[in-house]
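Examination of the molecular architecture
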Amino acid sequence: MSTRIYGLSGSGMDIDQMVKDLMKAQRSSYDKLWQKKTQTEWAKEDYNTIYSLAEKFRNTTISSFRKSSSYQPKVVSSPNEAVLTVTANADAANISHSILVNQLADGVKLSSSAGISGTNITLATSGYTADTSPVELFKINGKSVKLTITDQTNLNDVVKAINDSGAGVKANYDATLDRFYLYSNNSGSTASINFAGSGDTGLDFLYNTLKLDTQNNTVSTMGMQSLTDLGMTGTDTISAKFGISASFFLNIAGNSVQIDPTDTLDMALAKINNEAAKVNPANATAATYDGKKVTIKAVDAASGFSISAAAGDLVARDFLTNKLQLGQIGQDAKINLDGVDLTQASNSFTISGVSYKLKSVSTVAATVNIQADIDKTIENVKAFIEDYNTFIGAINTELAEKKYKDFMPLTDDQKKDMKDSEIEAWEKKARSGLLRNDSNLTNMITNLRSSFSTQISGLKGDYKSASSIGITTGSYINEDGKFVADYNNSNKLHVDENKLRKALAEDPDIVYKIFGTSGDTNQTKGVANRLYDQMYTSLSKFKDYAGYPGAADIKSSLAKRISNYNDQLGSMDERLYNMQERYYKQFDAMESALNTLNKQSSWISQMFGAKG
């Protein structure tokens with residue numbers, strides 16, 4: 001920037017002030033354009049705020065209310081909550097059900113039969129060899145449990161390895177009880193804990209070190225089952241299928257049973273059943289083979305028995321664990337629902353919209369009554385209408401906000417002579433009313449109101465619109481008969497609870513029909529679906545007009561307008577700068593001319609003075 005020095009001519013003029021005064025009139029147009037740009041930026045901010053409010057109203061309030069649970073809540077009564085508890089969703093029919101619980105679902109649970117001195121156990125002293133690479137400890141449900149073994153590898157490492165194996169079981173060591181526990185993650189007949197595929201070292205660790213053998217060898221009503229298809233027939237011999245060449249011994253219900261290589265699978269199972277039947281004759285079919293898997297189950301809880309390899313008989317242990325792949329399995333829940341016997345893998349399940357949670361078996365069928373929860377439906381409707389009115393009130397405020405035409409955005413020069421409080425008060429009025437009577441907002445309000453007032457095409461009977469069940473726009477006449485001119489309350493809705501309750505008493509599904517009916521056209525859709533669609537249309541218009549909140553925007557109408565203002569301001573700024581420079585050059589020339597004139601006048605005066 002060049003440095004200008006004036007006053008040498010003796011003119012006495014304040015050139016800087018004169019240029020500023022000359023430019024002030026010229027900058028007036030620039031300031032007016034800047035103020036328009038600022039108002040547009042403020043309007044864009046206000047629109048973005050409205051967008052966020054409208055988006056939340058659509059995606060949260062309307063979306064939640066569109067769920068059938070809002071229209072058709074149910075109330076359930078069950079006489080015996082010690083046996084089961086019941087809830088129902090909107091899909092449940094308003095009828096009674098009869099349910100008898102014959103058996104609860106259960107998973108597999110194995111635990112140490114005695115203390116294992118777990119804090120002293122390391123894998124290096126339990127038959128495993130230290131290795132820098134992961135070593136397979138054993139298998140559970142066909143999944144390999146591996147660890148990199150060091151002298152310090154202990155039970156906590158084993159617990160983590162099991163839990164990370166993906167075997168579908170949960171392991172835990174309780175140091176206080178000094179017991180090791182294995183639990184299947186799920187219940188039901190498909191749940192299992194099976195050690196098939198484990199080597200002798202692994203089985204020794206599981207059965208002898210962790211002492212899981214006692215429970216693993218117990219046959220209960222849940223029973224034992226092969227892990228996979230054995231790929232044999234019942235008439236295949238032990239020798240031919242499994243390559244076993246010598247006899248081995250099983251302990252069944254405390255009795256020793258010899259299995260010979262020439263025995264077929266059916267013969268081996270018959271020997272097992274013969275001993276099991278000594279506990280209860282009904283156990284004569286405890287062990288079965290379906291052509292794929294062996295299953296062994298006790299007939300009832302009092303008739304359980306044990307099956308294990310004879311002490312030290314590794315062939316027998318391998319036969320049970322790896323050849324027959326036997327492991328503990330869970331059991332399904334058994335119920336009789338409305339006269340039909342059913343099984344469920346879990347004690348918690350849902351059938352036809354009714355959710356049951358079984359707690360104990362029963363000897364007498366329980367009757368479950370399901371009815372529409374009218375009070376809850378009314379509560380849900382009133383809550384939605386309240387949220388709707390809150391949203392409409394916010395829009396009404398913007399549409400009715402007073403606009404102060406004499407209060408434009410303040411320039412920096414204007415702010416210099418004002419206090420902060422004065423600036424704040426001024427700009428509050430300057431920002432007011434920017435969306436007053438906005439067409440996009442007005443159209444949205446009109447469409448939302450129409451959604452409630454227009455009948456749902458296709459509905460039969462007396463109830464075909466929101467107003468027919470007691471949901472109407474507010475009256476402009478108050479209880480005293482006086483006109484109410486409160487713009488903020490216009491377009492809001494009111495609920496006549498008595499009328500709504502009467503409609504629900506006549507048709508418990510009427511709120512669903514009015515609000516939730518789906519259709520191909522706006523006329524056939526329920527109110528909530530109309531609102532959802534119309535809010536999407538409004539949001540699209542808001543985005544086209546003012547962009548999306550928090551996102552870069554160069555395409556919306558207001559963004560383009562702001563960009564155009566910036567271009568005009570840039571051009572005007574350059575023109576004003578050139579104009580100012582021209583003024584200064586003109587004053588420079590004037591000063592120079594005056595200075596020259598002063599010099600000439602001084603010379604003439606000197607000449608005449610010399611002649612005198």
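Below or above, wherever it landed, is the structure these notes cover.

About the thresholds
Residues numbered from 1 in each chain as written. Predicted model: local features only at pLDDT ≥ 70, side-chain atom pairs only at ≥ 80, totals over all residues. Heavy atoms only, no water. Helix = DSSP H or I, 4+ residues; strand = E, 2+ residues; numbered from the N terminus. Rg over C-alpha atoms; globule rule 2.2 N^0.38 Å. Contact = heavy atoms within 4.5 Å. Lys, Arg positive; Asp, Glu negative; His and termini not counted. Charge placed at Lys NZ, Arg CZ, Asp CG, Glu CD. Pairing = 2+ DSSP bridges. Axes fitted to C-alpha atoms, helices over the stretch in contact; angles between N-to-C directions. Buried < 20%, exposed > 50% of the residue type's maximum accessible area, 1.4 Å probe, protein only. Salt bridge = Lys/Arg side-chain N within 4 Å of Asp/Glu carboxyl O. Phe/Tyr/Trp six-rings, centres within 6.5 Å; stacked < 30°, edge-to-face > 60°. Lys NZ or Arg CZ within 6 Å of the ring centre and 35° of its normal. Polar contact = N/O pair within 3.5 Å; in protein donor to acceptor, adjacent residues only side chain to side chain. Core = buried A, V, L, I, M, F, W, Y, C linked by side-chain atoms within 4.5 Å. Parallel < 35°, antiparallel > 145°, perpendicular 65-115°, else oblique. Nonpolar A, V, L, I, M, F, W, Y, C, P; charged D, E, K, R; others polar.

1. Some points on the overall build of the protein chain
Each helix and strand counted, the protein chain has 16 helices and 24 strands in total. Against the 2.2 N^0.38 benchmark of 25 Å for 612 residues, the protein chain shows a C-alpha radius of gyration of 44 Å, more extended than a compact globule. For the protein chain, the C-alpha atoms occupy an extent of roughly 160 × 80 × 45 Å along the three principal directions. Considering only intrachain contacts with a sequence separation of at least 6, the fraction spanning at least 24 residues in the protein chain is 71%. Across the protein chain, the mean location of the 65 positive side-chain charges is 8 Å away from that of the 69 negative side-chain charges.

2. Quick notes on the sheet that holds strand β20 (residues 348-351)
With respect to topology, three strands assemble into an open sheet ordered β2-β21-β20, the strand pairing being antiparallel. Both outer strands of the open sheet, β2 (84-88) and β20, are each paired with one neighbouring strand and no more. Strand-to-strand twist of the sheet, defined as the mean angle between neighbouring strand axes without regard to direction, takes the value 20°. Bridge count for β2 against strand β21 (residues 354-358) is five bridges, and the pairing is antiparallel. The partner of Ala88 across the bridge, within β21, is Val354.

3. Overview of unusual backbone geometry
Even without being a glycine, Gln325 presents a positive backbone phi close to 55°. Inspection of the secondary structure puts Gln325 in the loop between α8 (314-323) and β17 (326-329). On the basis of relative accessibility, which here comes to 14%, the residue Gln325 falls in the buried class. Here Ser352, not a glycine, exhibits a phi torsion of approximately 55°, which is positive. Its location among the elements puts Ser352 in the loop between β20 and β21. For Ser352, a relative accessible area of 59% gives the class exposed.

4. Description of the sheet that holds strand β8 (residues 179-184)
Neighbouring strands of a sheet are bound in pairs by backbone hydrogen bonds; such pairs are parallel or else antiparallel. The three strands lie next to each other as β4-β8-β7, forming an open sheet whose pairing is antiparallel. The outermost strands of the open sheet, each flanked by one partner alone, are β4 (109-111) and β7 (169-174). Strand-to-strand twist in this sheet, taken as the mean axis angle between neighbours without regard to direction, amounts to 15°. Note that β7 and β8 share six bridges and pair antiparallel. Of the residues in β8, the one forming a bridge with Asp174 is Arg179.

5. Structural notes on the pattern of salt bridges
The tally for this structure, following the rule as stated, stands at 21 salt bridges. Taking the shortest distance from any N to any O, the salt bridge between Asp318 and Lys323 comes out at 2.3 Å. For Glu497, the salt bridge is made with Arg501, and the minimal N-O distance between the two is 3.3 Å. Of this pair, Glu497 and Arg501 both sit in helix α13 (residues 497-506), four residues apart, which is roughly one turn of the helix. Residues joined by salt bridges that share partners form a network here, namely Asp375, Lys382, Glu497 and Arg501.

6. A closer look at the packing of aromatic side chains
Evaluated as defined, the whole model comprises 22 aromatic pairs. Ring geometry for Phe138 versus Phe205: centroids 6.3 Å apart, planes at 15°, classification stacked. Linking Phe138 in strand β5 (residues 135-140) with Phe205 in helix α4 (residues 200-209), this pair joins segments that are 67 residues apart in sequence. The pair formed by Phe138 and Phe205 is uniform in burial state, with each residue classed as buried. Geometry around Tyr532 places Arg66 over its ring, the cationic atom sitting 3.9 Å from the centre.

7. Examining the side chain of Gln534
With respect to the secondary-structure elements, Gln534 resides in helix α15 (residues 527-546). On the accessibility criterion, Gln534 (15% relative accessible area) is buried. In contact with Gln534, other than residues within four places in its own chain, are Asn447, Leu448, Ser451 and Asn522.

8. A word on the environment of Asp229
For Asp229, the position within the fold is in the loop between β11 (224-226) and α6 (238-242). When the C-alpha positions of Asp229 and Lys382 are compared, they lie 59 Å apart, and in sequence the two are 153 residues distant. Beyond its immediate stretch of four places on either side in the chain, Asp229 contacts Gly291, Lys292 and Lys293. There is a polar contact of 2.8 Å between the side chain of Asp229 and the backbone nitrogen of Gly231.

9. Some points on the nonpolar core
With 46 residues, the main nonpolar core has Phe391, Phe452, Ile469, Ile471, Ile514, Phe515 and Phe542 as its most contacted residues. Where this core is concerned, the elements lending two or more residues are α1 (15-65), α9 (374-400), α12 (439-453), α13, α14 (510-516) and α15. For this core, the element with the most residues is α9, which contributes nine residues. Setting aside residues up to four positions removed in sequence, Phe515 forms contacts with Phe65, Tyr71, Phe384, Phe452, Ile469, Ile471, Gly526, Val527, Ala528 and Asn529.

10. Some points on the packing of α4 against α8
Where α4 meets α8, the closest approach of the two axes is 12 Å, and the angle between their N-to-C directions is 90°. The angle between α4 and α8 places the two elements in the roughly perpendicular class. Where α4 abuts α8, its residues Asp200, Leu203, Asp204, Tyr207 and Asn208 lie against Leu314, Arg317, Thr321 and Asn322. Across the contact of α4 with α8, the residue classes tally to three nonpolar, three polar and three charged.

11. With respect to the packing of α12 against α15
Interhelical geometry of α12 versus α15 gives an angle of 170° and a closest axis separation of 9 Å. Classified by the interaxial angle, the pair formed by α12 and α15 is roughly antiparallel. Taken together, the residues of α15 that come into contact with α12 (itself represented by Asn440, Leu441, Met444, Asn447, Leu448, Ser450, Ser451 and Phe452) are Val527, Arg530, Leu531, Gln534, Met535, Ser538, Lys541, Phe542 and Tyr545. In the contact of α12 with α15, the residues fall into nine nonpolar, six polar and two charged.

12. Notes on the pairing of β20
Here four bridges tie β20 to β21, and the two strands are oriented antiparallel to one another. When the sheet's bridge partners are listed, Ser348 is paired in β21 with Lys357. Between β20 and β21, which follow one another and run antiparallel, lie two residues, and Ser352 among them has a positive phi close to 55°.

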